[in-house]
Structures are given as structure tokens and as C-alpha cells.
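Coordinate inspection notes
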Amino acid sequence: MPKTMMQGSQASTAWLPCIEPDGASEGTRSDWGPDNRGLSIEATLPDGSSLSLEVWNNELRLGDMRYRLPYHQGLYAYVEHLRLSAESLNQALREAAAVRLALVDLPGMERELTPEEREQLRQAVAGVLPASNAAGPQPLDPPFPQYAIRLEGVDWRATLRLRGDRYLRREGGSSAVHGGEVARLAAGLLPVPPLDPSDVAYLFLADRMEVDGKGDMTGWKNTVVRRLVGAQVIPGYHPLTVEPFTLTFRVNGEPLEVHVDAEGFIYRGVRYPGSGLTELFLLPKMP
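A brief look at the structure comes next. Remember, it's a predicted structure, so these values are computed and weren't measured experimentally.

**Quick word on the overall build of the chain**
Of regular secondary structure, the chain possesses five helices and 19 strands. Within the chain, contacts between residues at least 6 apart in sequence are counted, and of these 58% link residues at least 24 apart.

Listed below in C-alpha cells is the structure:
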């Protein structure tokens, strides 16, 4: 994300360009994970001169000198807190070359926002407040649909995932809370389209899910459907030994069966390959 002002210390901070681990490109650095991240600091001194510093993991670099930071996690947490303030999000939306909205539960459902829609989004984040890293209580089975806002600047990119209707989280970072405006806007700009019964994603509409030998497991329905929709073969993957089983979804009272085995699953007579799906049987019953 772009630079963020640190009001109290008269400093401007910015993470080094960040990308996802599976999307590495030449000339970029990743801050993925607690042991591989950094930020740059440009400090304005009282006499008007400037001072440039870099922090990499727990090391502060000033020219040729390097200093160990004993409480570096606190520094990262503070900067992350600033990055998810309403002011920083507003700035990121202004400076981004492109802002895209994605309905991540449905592959391919993504589009770039128009200038007018970006302005609506800027207004929606005006009331955002940074939250703790835990982001408050979250459902074990996040509701359908899930949205993501993807921003891309000249030398930076960021993804903000909406978590329920009150939280958003920066991938690889912390969370912020809002009054529901961002979630309502996302649903209005990119509504869920009619789902064809032959599409595996149609199972998101089920109001009940049962598992052979375990009974009602509706509390995990969205998690299970997300695994089915995103099923893929992982070379060399060795799943836990679990016998094949059947999932029964009920959509408007109609029972729809999904037969799961070590090679994938079968839905409406069509086989979909996938690794590790039998492990879904191990999900515990919710209280």
C-alpha cells in the first residue's frame, strides 16, 4: 500500500512492495510471514532535513549502520494499525492505478470499479476503524458470499478481504471494523448472479447439509462448498486415510448428493478431481 503518515512522530512510512507468495515477479520483495517483512521510514527533522531508514525483520538500517530492535513486533503492529485507518484507506483508493472488486467464492466473478464507484467506496471506508489483530469474534464458517477489494499501484498492491458484514482484513496483515457500509456497497456493485443447479457453487444456496454417519453438519456448509468449488489435484499429496462418504445438501427441500472419495467427488453425475477432500469428514460437529 502507499505511504502512511505517522502524525505523532513527523514520519512517513511505507511497506516495501508486497506481493502474494505465489505471484512473485522480478524486482519486488515480499513481506509475507513474520520473518520476511520490512518497511522504509522517511523522517522529517526539526531543521527541515530528512532522514531515511529501513527496517527489515528486527533490524534497523541507517546508512552503513545496523541496529537490533528488541520490540520490533510492536513497530509492525503500530504501522499496520495506521495502514488500516480511514485516512490511509482513502489515500490508497486515490493513488491506486486500478481497484477491482471480486466475489471470491465464485471463480471469475471480478471487475474493475469505475471512478464513480471508487468514490462510493472511499465514502464507505470513511468510518473504518483499525481493529486488533484478532479482529474480534469471527464465525468458524464465514457466510456466503465473500468479497475482496484488490488495489494495485505503481509499485505496490494490496488485497482487502471482507469478513462478514462488519470487518475487512488486509491479506498478510491486520483488520479493521466498519458499520456495514463496505459490505452493502460490495453486494450492490457485484451481486451474486443466479446459480445454475449444475454448478457446484449452487450448493451455497443449501439450507441444510448432512454427512453420512454424522448427521446434520450445516454449520460447516460454506467451508465444505468452498473446498468443493476450489478442488484441485495436488501432485504428491497423501491424504489421511478416510473412507468415501456422501454429503447431502438440501436446496429448497430438494436433496442433492455429493459422493466424496480419495480422487475427488461426483456431483450430478459429473466427476471433479481433487486432493484431500475426504478429510472434510473429520470436521467436528459444532456445538
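**Points about helix H5 (residues 221-229)**
Note: α-helices contain 3.6 residues per turn, so residues at a spacing of three or four share the same orientation. Taken as a whole, H5 has its buried residues at Lys-221, Asn-222, Val-224, Val-225, Arg-226 and Leu-228. On its buried face, H5 sits against strand E14 (208-211), strand E16 (245-251), strand E17 (254-261) and strand E18 (264-267).

**With respect to the packing of aromatic side chains**
Following the criterion strictly, the structure yields three aromatic pairs and no others. Centroid distance Phe-245 to Phe-281: 5.2 Å. Interplanar angle 50°. Geometry classified as tilted. In this pair, Phe-245 is assigned in strand E16 and Phe-281 in the segment after strand E19 (270-273), connecting sequence segments 36 residues apart. On the accessibility criterion, Phe-245 (5% relative accessible area) is buried. By relative accessible area, Phe-281 is classed as partly exposed at 26%. Judged by centre distance (4.9 Å) and plane angle (15°), the rings of Phe-265 and Tyr-272 are stacked. The class for Tyr-272 is partly exposed, based on a relative accessible area of 25%.

**A word on the sheet that holds strand E7 (residues 98-103)**
Strand order in the open sheet made by the seven strands is E8-E7-E10-E11-E12-E13-E9, with antiparallel pairing throughout. The sheet terminates laterally at strand E8 (110-112) and strand E9 (129-130), the two strands that pair on one side only. Note that strand E12 (residues 167-170) and strand E13 (residues 175-177) share three bridges and pair antiparallel. Within the sheet, the bridge partner assigned to Tyr-167 lies in E13 and is Val-177. Where helix H3 (residues 115-124) meets the sheet, it contacts E7, E8 and strand E10 (147-152), and its direction lies at approximately 75° from that of E7.

**Points about the nonpolar core**
Counting 55 residues, the largest nonpolar core has Leu-228, Leu-247 and Phe-249 as the members making the most contacts within it. Tallying contributions element by element places helix H4 (residues 181-189) first for this core, with five residues. Excluding residues that lie within four positions of it along the chain, Leu-247 makes contacts with Met-209, Glu-210, Val-211, Val-224, Leu-228, Leu-256, Glu-257, Val-258 and Val-260. Counting residues in hydrophobic clusters, the runner-up holds eight residues, among them Val-55, Leu-60, Leu-69 and Tyr-76.

**Let's talk about the side chain of Glu-117**
Within the secondary structure layout, Glu-117 lies in helix H3. Discounting residues that sit within four places of it in the chain, Glu-117 has contacts with Arg-111, Glu-112 and Leu-189.

**Quick word on the side chain of Arg-226**
With respect to the helices and strands, Arg-226 occurs in helix H5. Taking relative accessible area as the criterion, Arg-226 reaches 19% and is therefore assigned buried. Apart from the residues lying within four places of it in its own chain, the contact partners of Arg-226 are Asp-105, Pro-142, Pro-143, Phe-144, Gln-146 and Phe-204.

**A closer look at the environment of Val-128**
Here Val-128 shows up in the loop between H3 and E9. Under the relative-accessibility criterion, Val-128 is labelled buried at 3%. It is 4.7 Å that separates the C-alpha atoms of Val-128 and His-178, two residues lying 50 residues apart in sequence. Contacts of Val-128, omitting those with residues within four sequence positions, involve Leu-84, Ala-86, Leu-89, Leu-168, Ala-176, Val-177 and His-178.

**Quick notes on the pairing of strand E6 (residues 65-68)**
Strand direction decides the pairing type here: strand E5 (residues 59-62) and E6, joined by four bridges, are antiparallel. Paired with Glu-59 across the strands is Arg-68, a residue of E6. Taking the residues between adjacent antiparallel strands as the criterion, E5 and E6 are bridged by two residues, where Gly-63 takes a positive phi near 65°.

**With respect to the sheet that holds E16**
The strand order E15-E14-E16-E17-E18-E19 describes an open sheet built from six strands, whose pairing is antiparallel. Both outer strands of the open sheet, strand E15 (215-216) and E19, are each paired with one neighbouring strand and no more. When E14 meets E16, the two strands line up antiparallel, connected through four bridges. Bridge assignment links Met-209 to a residue of E16, and that residue is Phe-249.

**Observations regarding the pattern of salt bridges**
This model, assessed by the stated rule, comprises 16 salt bridges. In this structure, Arg-166 and Asp-165 form a salt bridge, with 3.8 Å as the shortest nitrogen-oxygen distance. The exposure class assigned to Arg-166 is partly exposed, which follows from its relative accessible area of 36%. Look at Asp-165 and you get partly exposed, because its relative accessible area is 45%. Its salt-bridge partner being Glu-210, residue Arg-208 comes within 2.6 Å of it at the nearest N-O pair. The class of Arg-208 is partly exposed, set by a relative accessible area of 31%. With relative accessibility at 21%, the residue Glu-210 sits in the partly exposed group. One continuous salt-bridge network, built from bridges that share partners, spans Arg-100, Glu-110, Glu-112 and Arg-150.

About the thresholds
Position numbers for residues start from 1 in each chain and track the written sequence from start to end. Whole-chain, interface and lining totals are the exception, using all residues; otherwise, since this is a predicted model, local features are given only for residues with pLDDT of at least 70 and side-chain atom pairs are given and counted only at 80 or more. Calculation of side-chain values draws on the structure's entire complement of heavy atoms; hydrogens and water are dropped beforehand. Helix numbering and strand numbering both begin at the N terminus, where a helix is a DSSP run of H or I of at least 4 residues and a strand a DSSP run of E of at least 2. Contacts are residue-level and defined by heavy atoms, with any inter-residue pair within 4.5 Å sufficient. Only protein chains enter the accessibility calculation, which uses a 1.4 Å probe; a residue whose area is less than 20% of its type maximum is buried, one above 50% is exposed, and one in between is partly exposed. Whether two aromatic rings pair depends on their centres lying within 6.5 Å, for rings of Phe, Tyr and Trp, where Trp uses its six-membered ring; planes under 30 degrees apart make the pair stacked, over 60 edge-to-face, and the rest tilted. Two strands make a pair as long as DSSP finds a minimum of two bridges between them. To get an axis, fit a line to the C-alpha atoms, keeping to the stretch in contact for a helix; angles then go from 0 to 180 degrees between the N-to-C directions. As used in this record, nonpolar core signifies buried Ala, Val, Leu, Ile, Met, Phe, Trp, Tyr and Cys residues forming a set joined through side-chain atoms within 4.5 Å. Basic side-chain nitrogens of Lys or Arg form a salt bridge, by our definition, when they fall within 4 Å of a carboxyl oxygen of Asp or Glu.

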